[in-house]
Amino acid sequence: MVYQGIKGTHDLYGAEADAYTYIQNVFSAVAELYGYRKIETPILEYTEVFDRSTGESSDVVRKEMYTFLDKGDRSLTLRPEGTAGVIRSIVEHKLYATGDLPIKAFYVGPVFRYERPQLGRYRQFIQAGVEAVGVDSARLDAECICLAMKVLAYLGFENLKVKVNTLGDETSRKNYKEALRSFFASKIDSMCEDCKQRLLLNPMRILDCKVKEDQEIASLAPKMKDYLSDEASKRFYQTLSILADQEIDYEIDDSLVRGLDYYGQIVFEVHAMSKEGKDYGALLGGGHYDGMMSNFNGPKENDSGVGFAMGVERLYSLMKDNGMLENLEYGVDLYLMPIGEEVMDDCYSLAESLRDAGYSVEMPFVKGKLGTLFKKAVRAGAKFALIAGEDDLNNGAVQVKNLATQEQKSVLVEDLQDYLDEQFESLEAHSSCSCGHDHDEGHCCCGEHEEEGHCCCGRHREDQEEGGHCCCQKDEK
């Protein structure tokens, strides 16, 4: 038998895994800029968690969930999205009563959907998202969109466009659903089987159908804007006004409803556009929701929230295709080269002391030719090679070679840490943060000014003249 991964799953290793880590680090750093704190919920939840929150008319619940009975005959589901588990956790632990509102949380982790695998889409994929719960505010909705845009901007995306729509308040949606039922009643027989089910469960889902012929019919359907209450309309345009003030490019898309039933008021997607104006599709999406906590028997007051989620695989695929990951630098700081079997143990001890000082170090475990070791150092992405022969070590020294400039110098072991600190401080690569931005004269390449030793990603960077390292890359010394 040939053992291989399950269809729709994939393994990550090497440069690809490093790129995934980079994307997740940027997302986490920007979320922290906005005051969000990390939350981790279990991959497994009781099936009812998703039935109650996601909505029985959504394709996620109807067709895509991995659901099974455990040995206690309880129905469990591998989470298909992140919001429901976060809300369940907030209610279960009464976070709404123990902290200031809104509760602002971000998450990163695997989710599972049984759908046809395609480019950038897997049955197990990594979802990164945020939720802000407990305050009903157009400003909070707008802040969530600003956060999403900043994540993509820091990843290097340009020419972004926000597509927005409003699903109105409860009264607006009730009136709109009746109008849709009336419109589709005479046309539904010619539409797909999914749309026939959607008409019974939630006719707004028909607007999200991917069948071309059904899309043409749906394009002639009534628009939500014509059924908005005055209050819902005012709320929508208040959010749009804030986006305009922040110079965020948006367009109103009447067909945008998102794929989950819990949304109300504003919904949005952020699309990447090519230089030629081609729409690469949505990089992330989200929106406002009401009543989620009360769905889990939580409080009905302050029961509003807003959030978005993005698939890391989708971002990675597009960034790779567009050459946006080519300049990322990964690898160890140092490659230690023992010259001869007799110095292996001494080199092992030296490597451990350098790691204690905060440097990443790689070394061979069996002796090798110097030329072979240099090739390994290059493949490991090392910035410096430390060449340790018996004569050098007897004199208490090692040879330090800058692999970029080929400059080499003999350095006493007792002075090695100070020497390396000086060398790394001068390297441009060493002055970049996990946000992916290089620092030059106190500025980030995104144009954001650093103040008081802080990077625009929000991570503190100690004064490098004191020999400190960026905490995004190394432990502080």
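S.K.: Any details on the overall build of the protein? Residues and values, ideally.
M.R.: Per the secondary structure count, the protein includes 16 helices and 18 strands. In the protein, which comprises 477 residues, the proportion classed as buried is 51%. A separation of at least 24 residues holds for 67% of the contacts in the protein among residues at least 6 apart in sequence. With an accessible surface of roughly 24200 Å², the protein has 45% of that area assigned to carbon and sulfur atoms.

S.K.: Give a detailed account of the nonpolar core, specifying residues and quantitative values.
M.R.: Grouped burial of nonpolar side chains is what soluble globular proteins tend to show. By size, the foremost hydrophobic cluster in this structure holds 50 residues, and its most contacted members are I23, V130, L155, F157 and F308. The dominant element in this core, judged by the number of residues it contributes, is helix 6 (residues 138-154), at 11 residues. For I23, the residues in contact, after removing those within four places along its chain, are L155, M310, V312, L315, Y316 and M319. Among the nonpolar cores identified, the runner-up in size contains 43 residues, and I103, M191, C195 and M293 belong to it.

S.K.: Now, about the pairing of strand 6 (residues 124-133): what can you tell me, with residues and values included?
M.R.: It is a general feature of regular strands that their side chains alternate between the two faces of the sheet. Most of strand 6 is tucked away, with 9 of its 10 residues classed as buried. Examined bridge by bridge, strand 5 (residues 103-112) and strand 6 share 10 bridges and lie antiparallel to one another. Pairing of P110 across the sheet is with I126, part of strand 6.

S.K.: So what about the sheet that holds strand 4 (residues 75-78)? Which residues, and what values?
M.R.: Strand order in the open sheet formed by 3 strands is 2-4-3, with antiparallel pairing between adjacent strands. Among the strands making up the open sheet, the edge pair consists of strand 2 (44-46) and strand 3 (66-69). On average, each strand axis in the sheet is tilted by 35° relative to the strand beside it, whichever way the strands run. Of the strand pairs in this sheet, strand 2 and strand 4 are connected by 3 bridges, and their pairing is antiparallel. Looking at strand 4, one finds that L44 is bridged to L78.

S.K.: Break down the sheet that holds strand 12 (residues 334-338) for me, citing the residues and quoting the values.
M.R.: Ordered by their spatial adjacency, 5 strands build an open sheet running 13-12-14-15-16, and the pairing between neighbours is mixed. In this open sheet, the two edge strands, each paired with only one partner strand, are strand 13 (361-362) and strand 16 (408-412). The sheet contact formed by strand 14 (residues 384-388) and strand 15 (residues 397-402) spans 4 bridges and is antiparallel. Within the sheet, the bridge partner assigned to F384 lies in strand 15 and is N402. Strands strand 12, strand 13, strand 14 and strand 15 of the sheet are contacted by helix 13 (residues 344-356), whose axis makes an angle of about 165° with strand 12.

S.K.: So what's going on with helix 12 (residues 312-321)? Which residues, and what values?
M.R.: The buried count for helix 12 comes to 7 of 10 residues, which makes it a mostly enclosed element. Of the residues making up helix 12, those classed as buried are V312, E313, L315, Y316, S317, L318 and M319. Those residues of helix 12 hidden inside the fold are in contact with helix 1 (14-33), strand 6, helix 6, strand 9 (263-273), strand 10 (279-290) and strand 11 (304-311). Where helix 12 terminates, the next one or two residues include G323, which has phi positive at roughly 70°.

S.K.: Can you explain the pattern of salt bridges? Please cite residues and give values.
M.R.: For the structure on display, the rule yields 14 salt bridges. Of the charged contacts in the structure, one is a salt bridge between K38 and E40, with a shortest N-O distance of 3.4 Å. For K38, a relative accessible area of 51% gives the class exposed. E143 serves as the salt-bridge partner of K104, at 3.0 Å between the closest nitrogen and oxygen. Taken together, the positions of K104 in strand 5 and E143 in helix 6 put the pair 39 residues apart, joining distant regions of the chain. Here the salt bridges do not stand alone but share partners, grouping E45, R88 and E92 into one network.

S.K.: Go over the packing of aromatic side chains, please, and point to the residues and values.
M.R.: Under the counting rule described, the total for this entry stands at 9 aromatic pairs. Both rings, one in Y20 and one in Y316, keep their centres 5.0 Å apart while their planes meet at 45°; by these two values the pair is tilted. Placement of Y20 in helix 1 and of Y316 in helix 12 is noted, with a sequence separation of 296 residues between them. Ring plane angle 80° and centroid distance 5.0 Å describe the contact between F183 and F184, whose orientation is recorded as edge-to-face. Taken together, F27, F106 and F308 form an aromatic cluster joined through their ring pairs. Sitting over the ring of F183, K187 keeps its end group 4.1 Å from the ring centre.

The rules behind these values
- Residues numbered from 1 in each chain as written.
- Predicted model: local features only at pLDDT ≥ 70, side-chain atom pairs only at ≥ 80, totals over all residues.
- Heavy atoms only, no water.
- Helix = DSSP H or I, 4+ residues; strand = E, 2+ residues; numbered from the N terminus.
- Buried < 20%, exposed > 50% of the residue type's maximum accessible area, 1.4 Å probe, protein only.
- Contact = heavy atoms within 4.5 Å.
- Areas by Shrake-Rupley, 256 points an atom, 1.4 Å probe, with all protein chains shown as cover.
- Core = buried A, V, L, I, M, F, W, Y, C linked by side-chain atoms within 4.5 Å.
- Pairing = 2+ DSSP bridges.
- Axes fitted to C-alpha atoms, helices over the stretch in contact; angles between N-to-C directions.
- Salt bridge = Lys/Arg side-chain N within 4 Å of Asp/Glu carboxyl O.
- Phe/Tyr/Trp six-rings, centres within 6.5 Å; stacked < 30°, edge-to-face > 60°.
- Lys NZ or Arg CZ within 6 Å of the ring centre and 35° of its normal.

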